[in-house]
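Structure assessment
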Amino acid sequence: MIARELDFQTVDDLGHAFSNGRIADGEKLEIIVNEIGPWIEYQSMIRSCAGYEKIADDRIQFSGLTVFRANLLSNDRYWNCGDTKDIGFIISNKNGAVDESDVYRTSFLLDAEHCAVRAGFSRQTAKELIGAIRELEDNIYAHSGKSASGLIAYQRIERHFSFVVRDLGIGILASLRTCPVYQDLVDHGEALRLALETGTSRYGPETGHGFGFRQLWLGLANHQGNLRFRTGNYSLQINDAGPSLKSARLAQKPPISGFLASIDCSPT
């Protein structure tokens, strides 16, 4: 049996193997899961494409993050690992809007903030990181068209704080195309790049929307952030700070439904 760690390169390789039918003829794989980002993206990918899940079940044996994976796959709405609370997740509500009175959401965000502090961030920076989670959470309800599919998760590994915000909705391209300004847009990669620019929104460039996302990713990149955004058949990765998207790497990937942001930061 071939053993391999589940990182983003492995997710990409598995997706290409699924789509090309190659994995069905290969040896059984043991995939070791240590980080939530690649695991949640992998799960989003196989749920997005007919046939991927069966192939994966037949050929892949997973190990690592056992309790996290089991609770996530059981469709529990809210979970953390107990005493340390160094990892946890919450599923978005079915009301179609952020619910500030949701006690599970409040507990989840507090747990995530305390986790960021334990990773070495100041209390103020930890609050800013939770603010980024809130900003991405808002996008689930405002743009996905399938808000009940939203998932937010966090994890601390030593001096790294990671979080993932994902939905299985219509994706950035379809969302932008609801605006007449972007109705001729046909490429997921271009849609993803535009969404990270200042002033891009399905509400149109003159409405005052779409100005928070660029500041969000710039702020995260300044915390030694590794950022990966996925929609459709593209990813965009940012691994250092800068005043523009020149440092970003846009690449074609196996298709995925909705939008996913996977962020890993560490204190300076």
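My aim in this report is to walk through the structure given alongside it, one point at a time. Here the residue index of a chain counts from 1 through its sequence in written order. With the structure being a predicted model, the display of local features is reserved for residues of pLDDT at least 70 and the display and counting of side-chain atom pairs for 80 or more, all residues being used for whole-chain, interface and lining totals. The basis for the side-chain values is all heavy atoms of the structure; hydrogens and waters are excluded.

Focus: the overall build of the protein chain
Note the following rule: A run of H or I in DSSP counts as a helix once it spans at least four residues, and a run of E counts as a strand once it spans at least two, with each numbered from the N terminus. Note on classification: 1.4 Å probe, protein chains only; a residue is buried when its accessible area is under 20% of the maximum for its type, exposed when over 50%, partly exposed between these limits. We call two residues contacting when some pair of their heavy atoms lies within 4.5 Å. Only the protein chains shown count as cover for residues, and the accessible areas themselves come from Shrake-Rupley with a 1.4 Å probe.
Helices and strands together make up the secondary structure of the protein chain, namely nine helices and nine strands. Classification of the 268 residues of the protein chain by burial places 50% in the buried group. Sequence separation of 24 or more characterises 65% of the internal contacts of the protein chain that already satisfy a separation of 6 or more. Counting every atom, the protein chain has about 12,200 Å² of accessible surface; 49% of that belongs to carbon and sulfur.

Concerning the nonpolar core
Rules: Definition of nonpolar core: a set of buried residues of the types Ala, Val, Leu, Ile, Met, Phe, Trp, Tyr and Cys, connected through side-chain atoms within 4.5 Å.
Ranked by size, the top nonpolar core spans 42 residues in total, and within it F161, F163, L220 and F229 carry the most contacts. Contributions of two or more residues to this core are made by α5 (103-118), α6 (123-143), β6 (151-157), β7 (160-167), α7 (171-177), α8 (188-195), β8 (226-238) and β9 (249-265). Looking at which element gives the most residues to this core, the answer is α6, with eight residues. Beyond its immediate sequence surroundings of up to four residues, L220 is in contact with L129, A132, F163, G225, L227, I263 and C265. Counting 29 residues, the second largest nonpolar core, distinct from the first, contains V11, I46, Y52 and I87.

Examining the sheet that holds strand β2 (residues 29-32)
Basically, it comes down to this: Note: two strands are recorded as paired if DSSP finds a minimum of 2 bridges between them. Here an axis means a line fitted to C-alpha atoms, over the contact stretch when the element is a helix, while the angle between two N-to-C directions is reported on a 0 to 180 degree scale.
Spatial strand order, β1-β2-β3: three strands in an open sheet with parallel pairing. Two strands bound the open sheet, and with one partner strand each, they are β1 (2-5) and β3 (60-63). Each neighbouring strand pair of the sheet contributes to a mean axis angle of 25°, computed without reference to strand direction. In this structure, β1 lies alongside β2, joined through four bridges in parallel fashion.

Some remarks on α6
Here is the rule: In this analysis, the expected span of each helix is defined as 1.5 Å times one less than the number of residues it contains.
When the terminal C-alpha atoms of α6 are compared, their 30 Å separation across 21 residues agrees well with the 30 Å that a helix rising 1.5 Å per residue should span. Along α6, the residues that are buried comprise T125, A126, L129, I130, A132, I133, L136, E137, I140 and Y141. Just past α6, the residue G145 takes up positive phi, approximately 75°.

Concerning the state of the cysteines
When the sulfur atoms of two cysteines share a covalent bond, that bond is a disulfide. Note the following rule: Sulfur atoms of two cysteines make up a disulfide when they are within 2.5 Å.
For the coordinates displayed, the defined rule picks out zero disulfides. Unpaired in this structure, C81 has its nearest cysteine sulfur neighbour in C115, at a distance of 7.9 Å. The class for C81 is partly exposed, based on a relative accessible area of 32%.

A closer look at the side chain of R69
Convention followed: Only four residue types enter the charge count, namely Lys and Arg as positive and Asp and Glu as negative; His and the chain termini do not. Any carboxyl oxygen of Asp or Glu within 4 Å of a side-chain nitrogen of Lys or Arg constitutes a salt bridge here.
Looking at where R69 falls in the secondary structure, it is placed in helix α4 (residues 66-73). One buried charged residue, R69, remains without a salt bridge, the closest side chain of opposite sign being E30 at 9.1 Å. When sequence neighbours within four positions are dropped, the list of residues in contact with R69 reads V33, W39, F62, S63 and G64.

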